[in-house]
Amino acid sequence: MKRSDIVRTIQVQFRHMRASDAAAILDTVSDHMMEAIAAGDRIEVRGFGTFQPRARATKVGYNPCTGKPMPLPASTTILFKPSRELTKKMNG
């Protein structure tokens, strides 16, 4: 599903809304979610799942071509845990 599909779905749900307004709503929600994750907050969307930042420690990786060890720096990633409803819907 692309961004334009989501905007179109919002327009179908709210018939009086213009495409530019639906796009602005979607952009606002996604911007706030990105800001919250960047600040280290956990986001819970009921019926969909949770997003939370997860810290990864430094570790030693290996170059696949040469086999030589190389340090991998610490980083932060996003962990997504789907809700039970989403998991049930996906599994039938």
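Anything mentioned here points back to the structure above.
Residues numbered from 1 in each chain as written. Predicted model: local features only at pLDDT ≥ 70, side-chain atom pairs only at ≥ 80, totals over all residues. Heavy atoms only, no water.

## So, the overall build of the protein
- The number of helices and strands found in the protein is 3 helices and 5 strands.
- Put simply, the protein runs from its N terminus to its C terminus through helices and strands in the order α-α-β-β-β-β-β-α.
- In summary, the protein has a C-alpha radius of gyration of 19 Å against a globular reference of 12 Å for 92 residues, an excess of more than 25%.
- Seen through its C-alpha atoms, the protein measures out along the principal axes to roughly 60 × 35 × 30 Å.
- Long-range contacts, defined as pairs at least 24 residues apart, comprise 28% of the intrachain contacts of the protein with a sequence gap of at least 6. (Helix = DSSP H or I, 4+ residues; strand = E, 2+ residues; numbered from the N terminus. Rg over C-alpha atoms; globule rule 2.2 N^0.38 Å. Contact = heavy atoms within 4.5 Å.)

## Considerations on the nonpolar core
- V7, I10, M17, A22, A23 and L26 together form the largest nonpolar core, which totals 6 residues.
- When contributions to this core are tallied by element, the ones reaching two or more residues are α1 (3-13) and α2 (19-38).
- The element contributing the most residues to this core is α2, with 3 residues.
- Non-local contacts of M17, meaning those with residues more than four positions away in its chain, are made with I10, Q11, A22 and I25. (Core = buried A, V, L, I, M, F, W, Y, C linked by side-chain atoms within 4.5 Å. Buried < 20%, exposed > 50% of the residue type's maximum accessible area, 1.4 Å probe, protein only.)

## As for the pattern of salt bridges
- For the coordinates displayed, the defined rule picks out 5 salt bridges.
- With its nearest N and O atoms 3.4 Å apart, the salt bridge here joins D21 to R18.
- For D21, a relative accessible area of 33% puts it in the partly exposed group.
- Classification of R18 as exposed rests on a relative accessible area of 54%.
- Ionic pairing is found between E44 and R42, a salt bridge with its closest N-O pair at 3.6 Å. (Salt bridge = Lys/Arg side-chain N within 4 Å of Asp/Glu carboxyl O.)

## Quick word on a nonpolar patch on the surface
- There is a patch of nonpolar side chains on the surface, built from V45, F48 and F80 and spanning about 230 Å² of accessible area.
- Relative to the helices and strands, F80 is located in strand β5 (residues 75-82).
- Residue classification places F80 among the partly exposed residues on the basis of a relative accessible area of 33%. (Patch = residues over 30% accessible without salt bridge, like charges linked within 9 Å, V, L, I, M, F, W, Y side chains within 5 Å. Areas by Shrake-Rupley, 256 points an atom, 1.4 Å probe, with all protein chains shown as cover.)

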